[in-house]
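Residues per chain are reported as follows:
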Amino acid sequence: MAFTLWSLYEATLLCLNAICVLNEERFLVKIGWASWQNIQGFGEPPTAKSQMLNLIKSVRTVAKVPLIGLNILTIIVKMVLG
């Protein structure tokens with residue numbers, strides 16, 4: 001399989017789907033990445049863990065609706081072109 005823009009698009013789509021599907025209560029709490037466990041004081045620099053949690057929340061919030069359309073488009077293209 002060649003490395004094309006389509007394969008890069010599919011890999012990105014799969015990663016975004018995986019981030020949006022993560023359940024905080026089932027998965028993230030078990031590894032200590034719950035949002036309520038990450039309370040910082042005012043003026044403290046953000047840790048890598050808090051930045052990752054913030055990224056996950058942001059992707060869930062922003063990408064949820066566009067992902068539906070991108071998944072439908074990908075399914076239609078795969079059905080038509082094979």
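Computed from a predicted model, the values in this text were never measured in an experiment. (Residues numbered from 1 in each chain as written. Predicted model: local features only at pLDDT ≥ 70, side-chain atom pairs only at ≥ 80, totals over all residues. Heavy atoms only, no water.)

This part takes up the overall build of the chain. Helix and strand content of the chain: three helices and zero strands. Listed by position from the N terminus, the elements making up the chain come as α-α-α. The contacts in the chain between residues at least 6 apart in sequence include a share of 59% that link residues at least 24 apart. (Helix = DSSP H or I, 4+ residues; strand = E, 2+ residues; numbered from the N terminus. Contact = heavy atoms within 4.5 Å.)

We now examine the confidence of the model for the chain. With 87% of its residues at a pLDDT of 70 or more, the chain shows a mean pLDDT of 83. Averaged pLDDT values over the elements of the chain bottom out at 71 in helix α2 (residues 24–28) and peak at 92 in helix α1 (residues 5–21). (pLDDT = per-residue confidence, 0-100.)

With that settled, consider the packing of α1 against helix α3 (residues 48–81). Close contact between α1 and α3 brings their axes to 9 Å; oriented N to C, the two are set at 135 degrees. As summarised for this structure, α1 and α3 are arranged oblique, according to the angle between their axes. Considering the relative orientation of α1 and α3, their crossing is left-handed. Counted together, Trp6, Tyr9, Glu10, Leu13, Leu16, Asn17, Ile19 and Cys20 of α1 and Ile56, Val59, Arg60, Leu67, Leu70, Asn71, Leu73, Thr74, Val77 and Lys78 of α3 form the full contact between these two elements. Classifying every residue of the contact of α1 with α3 by side-chain character gives twelve nonpolar, three polar and three charged. (Axes fitted to C-alpha atoms, helices over the stretch in contact; angles between N-to-C directions. Parallel < 35°, antiparallel > 145°, perpendicular 65-115°, else oblique. Left-handed = near helix turned anticlockwise from the far one by under 90°. Nonpolar A, V, L, I, M, F, W, Y, C, P; charged D, E, K, R; others polar.)

Attention now goes to the pattern of salt bridges. In this structure the tally under the stated criterion is one salt bridge. Residue Lys78 is joined to Glu10 by a salt bridge in which the shortest nitrogen-to-oxygen separation is 3.0 Å. Of this pair, Lys78 sits in helix α3 while Glu10 sits in helix α1; the two residues are 68 residues apart in sequence, bridging distant segments of the chain. (Salt bridge = Lys/Arg side-chain N within 4 Å of Asp/Glu carboxyl O.)

One pass over the structure, following the stated rule, counts one aromatic pair. With a centroid separation of 5.0 Å and an interplanar angle of 40 degrees, the aromatic rings of Trp6 and Tyr9 are classed as tilted. Taken as a pair, Trp6 and Tyr9 lie in helix α1 at a separation of three residues, close to a single helical turn. Since its relative accessible area comes to 31%, Trp6 is described here as partly exposed. (Phe/Tyr/Trp six-rings, centres within 6.5 Å; stacked < 30°, edge-to-face > 60°. Buried < 20%, exposed > 50% of the residue type's maximum accessible area, 1.4 Å probe, protein only.)

A few words on the side chain of Asn17. Looking at the element boundaries, Asn17 is found in helix α1. There is a polar contact of 3.1 Å between the side chain of Asn17 and the side chain of Asn71. Setting aside residues up to four positions removed in sequence, Asn17 forms contacts with Leu67 and Asn71. (Polar contact = N/O pair within 3.5 Å; in protein donor to acceptor, adjacent residues only side chain to side chain.)

A few words now on a nonpolar patch on the surface. Side chains of Ile68, Ile72, Ile75, Ile76, Met79, Val80 and Leu81 sit close together on the surface and give an oily, nonpolar patch of about 790 Å² of accessible area. Here Ile76 is to be found in helix α3. The exposure class assigned to Ile76 is partly exposed, which follows from its relative accessible area of 47%. (Patch = residues over 30% accessible without salt bridge, like charges linked within 9 Å, V, L, I, M, F, W, Y side chains within 5 Å. Areas by Shrake-Rupley, 256 points an atom, 1.4 Å probe, with all protein chains shown as cover.)

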